[in-house]
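# Chain and residue survey
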Amino acid sequence: MGLLLLQSPQQGLLKAEAYVSGMTLTRLVQGVIFGVVLAGPAVAAQKGGGKHAIVSTLLRVLGILLLITAYKKWRGADDPDVPPPQWLTLIEQATPAKALGIGIGLPLIAAKLWVFTLSALATIAAAQLGQPASAIAFLLFVILAKVFLWLPIGMRVFLPKPSQPLLQRVANWLTDHNREIIVVISLVFGRWFLASGLSGLVP
């Protein structure tokens, strides 16, 4: 969606920056709130010598959700977290303020984004890195999760003319191969998260 906003004929750069900034802000707020919530159970689990049950549960849920997504995409079914084309058209014509609101709201209504964020927070909490190191670890998670959204924006800022045809080709390629990309990524990470979550059940 970030590339779609970036290619918008009017204020595309501002709308893309607002959208990604909104998503980043929501992730940071989630990190502050749920990082504190998960820190207590993580300490108790660490003292008990067992693997953090919350981590295992979240990883299993995320793995199952991703595998379901891969199956639905492989069968040609729609992903409930992907907005319909009509909505995307409205987003393309939105103002930067509306793009910011969408960026803030999307991580709050997309189930996979919720579980992905909570899994990262629970894993960091269970690692018992200490408050400063845990904050840095989550910040790195947020940066890595958004790097492919910020990268095109950076190219547009520093290389405005040369980047336009390249970004357009990338956007077209991603649109044409959207189904295959989602299937592969969902399968790989779904199996990985599910296996990691199940390993927490083994004494």
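Rules behind the numbers
Each chain has its residues counted from 1, following the order in which its sequence is written. This being a predicted model, a pLDDT of at least 70 is required before a residue's local features are given, and a value of 80 or more before pairs of side-chain atoms are given or counted; all residues contribute to the totals for chains, interfaces and linings. Excluded from the side-chain calculation are hydrogens and water; included are all heavy atoms of the structure. For helices the rule is a DSSP run of H or I covering at least 4 residues; for strands it is a run of E covering at least 2, with both sets numbered from the N terminus onward. Here the term buried applies to any residue with accessible area under 20% of the maximum for its type, exposed to any over 50%, and partly exposed to those in between, with areas from a 1.4 Å probe on protein chains only. Note on definitions: a residue-residue contact is assigned when non-hydrogen atoms from the two residues lie within 4.5 Å. Only the protein chains shown count as covering a residue, and every accessible area follows the Shrake-Rupley method with a 1.4 Å probe. Scored between 0 and 100, pLDDT is the confidence that the predictor attaches to each residue. Centres within 6.5 Å are what make two rings of Phe, Tyr or Trp a pair, Trp counting through its six-membered ring; a difference in plane orientation under 30 degrees is then read as stacked, over 60 as edge-to-face, and the rest as tilted. What a helix is expected to span follows from its residue count: subtract one and scale by 1.5 Å. Grouping buried Ala, Val, Leu, Ile, Met, Phe, Trp, Tyr and Cys residues that are joined through side-chain atoms within 4.5 Å yields what is termed a nonpolar core. What qualifies as a polar contact is a pair of N or O atoms within 3.5 Å, subject to a donor-acceptor requirement within protein and to the restriction that residues adjacent in sequence count only when both atoms come from side chains. Whenever a helix is involved, its axis is fitted only over the stretch in contact; in every case the axis is a line through C-alpha atoms, and angles between N-to-C directions fall within 0 to 180 degrees. Note that the term roughly parallel is reserved for angles under 35 degrees, roughly antiparallel for angles over 145, roughly perpendicular for angles of 65 to 115, and oblique for everything else. Polarity classes work like this: nonpolar for Ala, Val, Leu, Ile, Met, Phe, Trp, Tyr, Cys and Pro, charged for Asp, Glu, Lys and Arg, and polar for all others, with Gly in that last group. Crossing handedness: left-handed means the near helix sits turned counterclockwise from the far one by under a right angle, and right-handed means the same turn made clockwise.

Quick look at the overall build of the protein chain now. In terms of regular secondary structure, the protein chain is built from nine helices and zero strands. Mapped from its N terminus to its C terminus, the protein chain presents α and β elements in the order α-α-α-α-α-α-α-α-α. When the 203 residues of the protein chain are sorted by exposure, 34% land in the buried category. A fraction of 80% describes how many contacts in the protein chain between residues 6 or more apart in sequence connect residues 24 or more apart. On the protein chain, roughly 11,800 Å² of surface is accessible, and the fraction owed to carbon and sulfur atoms is 72%.

This brings us to the confidence of the model for the protein chain. Predicted coordinates in areas of low pLDDT are best not read in detail. Per-residue pLDDT for the protein chain has a mean of 75; in total, 78% of the residues score no lower than 70. Of all the helices and strands in the protein chain, helix α4 (residues 85–92) carries the lowest mean pLDDT, 59, while helix α5 (residues 96–109) carries the highest, 87. Note on residues 47–51: pLDDT is under 50 here. Beyond four places in sequence and across chains, it has five contacts.

This brings us to the environment of Leu 167. Looking at the secondary structure, you find Leu 167 in helix α8 (residues 160–176). Note: C-alpha distance between Leu 167 and Leu 6 (161 residues apart in sequence) is 8.9 Å.

Counted according to the given criterion, the structure contains two aromatic pairs. Aromatic pair Tyr 71 and Trp 74: ring centres 6.1 Å apart, planes at 45 degrees, arrangement tilted. Residue Tyr 71 and its partner Trp 74 are located together in helix α3 (residues 53–75), separated by three residues, close to a single helical turn. Classification of Tyr 71 by relative accessible area gives partly exposed; the value is 46%.

The first and last C-alpha atoms of α5 sit 20 Å apart over 14 residues, in line with the 20 Å expected at 1.5 Å per residue. Within the sequence span of α5, burial applies to Ala 99, Ile 102, Gly 103, Leu 106 and Pro 107.

Here we come to the nonpolar core. Counting residues in each nonpolar core, the largest one holds twelve residues, listed as Leu 5, Leu 6, Ala 16, Ala 18, Tyr 19, Val 20, Met 23, Ala 99, Ile 102, Leu 106, Ile 153 and Leu 167. For this core, the elements supplying multiple residues, two or more each, are α1 (2–6), α2 (12–48) and α5. For this core, the leading source of residues is α2, giving five residues. Counting nine residues, the second largest nonpolar core, distinct from the first, contains Leu 118, Ala 120, Phe 138 and Val 142.

A few words now on the side chain of Thr 26. Tracing the backbone through its elements, the reader meets Thr 26 in helix α2. In this structure Thr 26 comes out as buried when scored by relative accessible area, which is 7%. A polar contact is formed between the side chain of Thr 26 and the backbone oxygen of Ile 104, at a distance of 2.8 Å.

Where α5 contacts helix α6 (residues 111–127), the axes come no closer than 5 Å and their chain directions differ by 80 degrees. The angle between the axes of α5 and α6 places the two elements in the roughly perpendicular class. Contacts between α5 and α6 involve Leu 106, Pro 107, Leu 108 and Ile 109 from the former and Ala 111, Leu 113 and Trp 114 from the latter. Looking at side-chain class alone, the contact of α5 with α6 contains seven nonpolar, no polar and no charged residues.

This paragraph deals with the packing of α6 against helix α7 (residues 131–158). Helix packing geometry: the angle between the two helix axes and the distance between the axes. Running from N to C, α6 and α7 point in directions that differ by 150 degrees, and their axes come no closer than 10 Å. When the axis of α6 is compared with that of α7, the two are roughly antiparallel. Between α6 and α7 lies a crossing of right-handed hand. Contacts between α6 and α7 involve Phe 116, Thr 117, Ala 120, Leu 121 and Ile 124 from the former and Ser 134, Ala 137, Phe 138 and Phe 141 from the latter. Grouping the amino acids of the contact of α6 with α7 by side-chain chemistry returns seven nonpolar, two polar and no charged.

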